[in-house]
Amino acid sequence: MKSSFLMAGGIMLVLAVVWTYLFVLVVTVAFRKKHFPRESPNPAQALVLAGKTLSGIILITALFAPVRDFLLVVSSLNPWRSGAFLSFLLICCCLTGVAWVIAAVLEGLLSRQVFRGQSLRVELQHGNLAVAVTRVVLLLGLAWVLWFGLGMVLQSFIPTPMIPTIR
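The written sequence of each chain sets the order in which its residues are numbered from 1. For this predicted model, a pLDDT threshold of at least 70 governs which residues receive local features, and a threshold of 80 or more governs which side-chain atom pairs are given and counted, while totals over whole chains, interfaces and linings are taken from all residues. Side-chain metrics rest on all non-hydrogen atoms present in the structure, leaving aside hydrogens and water.

Some points on the packing of aromatic side chains
Point 1. A pair of Phe, Tyr and Trp rings is counted when the ring centres sit within 6.5 Å of each other, with Trp represented by its six-membered ring. The angle between the planes then sorts it: under 30 degrees is stacked, over 60 is edge-to-face, the rest tilted. One pass over the structure, following the stated rule, counts four aromatic pairs.
Point 2. Ring geometry for Phe23 and Trp100: centres 5.1 Å apart, planes at 85 degrees, overall edge-to-face. One end of the pair, Phe23, is in helix 1 (residues 2-35); the other, Trp100, is in helix 5 (residues 84-114), and 77 residues separate them in sequence.
Point 3. In this scheme, a residue with accessible area under 20% of its type's maximum is buried, one over 50% is exposed, and one in between is partly exposed, where area comes from a 1.4 Å probe on protein chains only. You can call Trp100 buried: its relative accessible area is 16%.
Point 4. Through successive ring pairs, a cluster of aromatic residues spans Trp144, Trp147 and Phe148. Each helix is a run of H or I in the DSSP string that is no shorter than four residues. Each strand is a run of E no shorter than two, and both are numbered from the N terminus.

What follows is the structure, encoded as structure tokens:
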């Protein structure tokens, strides 16, 4: 059981570091192309970029509790031989990516509702910190809410152990 946790912990650590790095790289490149292709970012743009990356990192941490629970349930079995652990990790990673996309889309929709009649891109280019703070707070709040929902969804993929009954 200890070796199973040690191997899973190592895999989760490497996966979290690599996935966080790739996530930050992709978000930064996409945000740079959209908002400030030639110049350096102003504080409002930098704040929104930091909020987008932080929300993704928050959602990446949502993977750890379900993986721990999965290993506790299947520790009597050999999760490495059946490939159950790796398939569970794949499900976790895919659902985390979907949760971040949902958070980003909902943040965009809510920001457009709050700032009707204004172009959010133009407001960020002019350094409007009110728009930036509102977008960051919306995105972090949505990521936090989706973190708990994602944990519940991932718990449903964990097999239920057989509980002996007394007759």
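Considering the packing of helix 3 (residues 64-73) against helix 5
A pair of packed helices is characterised by two quantities: the angle between their axes and the separation of those axes.
Point 1. Relative orientation of the contacting elements helix 3 and helix 5 amounts to 160 degrees, with a least axis distance of 11 Å. Between helix 3 and helix 5, the angle falls in the class roughly antiparallel. The interaxial crossing formed by helix 3 with helix 5 has right-handed handedness. Of helix 5, the residues touching helix 3 (which contributes Pro66, Val67, Phe70 and Leu71) are Ala84, Phe85, Phe88, Leu89 and Cys92. The axes used here are C-alpha line fits, helices contributing only the stretch in contact, and every angle between their N-to-C directions lies in the interval 0 to 180 degrees. For classification purposes, an angle smaller than 35 degrees is called roughly parallel, one larger than 145 roughly antiparallel, one from 65 to 115 roughly perpendicular, and anything else oblique. Crossings are classed by handedness, with left-handed meaning an anticlockwise turn of the near helix from the far one by less than a right angle and right-handed meaning a clockwise turn. Between two residues, a contact is recorded if the distance between any of their heavy atoms is within 4.5 Å.

Some details on the pattern of salt bridges
Point 1. Throughout this description, the term salt bridge denotes a Lys or Arg side-chain nitrogen within 4 Å of a carboxyl oxygen of Asp or Glu. In total, this model carries two salt bridges according to the counting rule given.
Point 2. Between Glu107 and Arg135 there is a salt bridge whose closest N-O contact spans 2.7 Å. Residue Glu107 is found in helix 5, and its partner Arg135 is found in helix 7 (residues 129-155); the two are separated by 28 residues along the sequence. Each member of the pair, Glu107 as well as Arg135, carries the same accessibility label: buried.
Point 3. One network of salt bridges, in which partners are shared, links Lys52, Glu107 and Arg135.

Description of the nonpolar core
Inside soluble globular proteins, nonpolar side chains tend to come together where they are buried.
Point 1. In these notes, a set of buried Ala, Val, Leu, Ile, Met, Phe, Trp, Tyr and Cys residues joined through side-chain atoms within 4.5 Å is what counts as a nonpolar core. Within the largest apolar cluster, 33 residues are counted, with the highest numbers of intra-cluster contacts made by Val67, Phe70, Phe85, Phe88, Cys92, Trp100 and Leu124.
Point 2. Residue assignment for this core shows that the elements contributing at least two residues are helix 1, helix 2 (43-61), helix 3, helix 5, helix 6 (120-125) and helix 7.
Point 3. Ranked by residue count, the leading element in this core is helix 5, at seven residues.
Point 4. With near-sequence residues (within four places) excluded, Trp100 lies in contact with Phe23, Val27, Lys52, Ser55, Gly56 and Leu59.

Describing helix 7
Point 1. To estimate the expected span of a helix, count its residues, drop one, and scale the result by 1.5 Å. Helix length check: helix 7, at 27 residues, gives a terminal C-alpha distance of 39 Å against a target of 39 Å (1.5 Å per residue), a fit within 8%.
Point 2. Listed in full, the buried residues belonging to helix 7 are Val131, Ala132, Arg135, Val136, Leu139, Leu142, Ala143, Leu150, Gly151 and Leu154.
Point 3. On the buried face of helix 7, the contacting elements are helix 2, helix 3, helix 5 and helix 6.
Point 4. Where helix 7 begins, one side-chain oxygen reaches toward the backbone nitrogen of Ala130, 3.1 Å away; that side chain belongs to Asn128. Polar contacts, as counted here, are pairs of nitrogen or oxygen atoms within 3.5 Å of one another; within protein the pair requires one atom able to donate a hydrogen and one able to accept it, and residues that are adjacent in sequence qualify only if both atoms are side-chain atoms.

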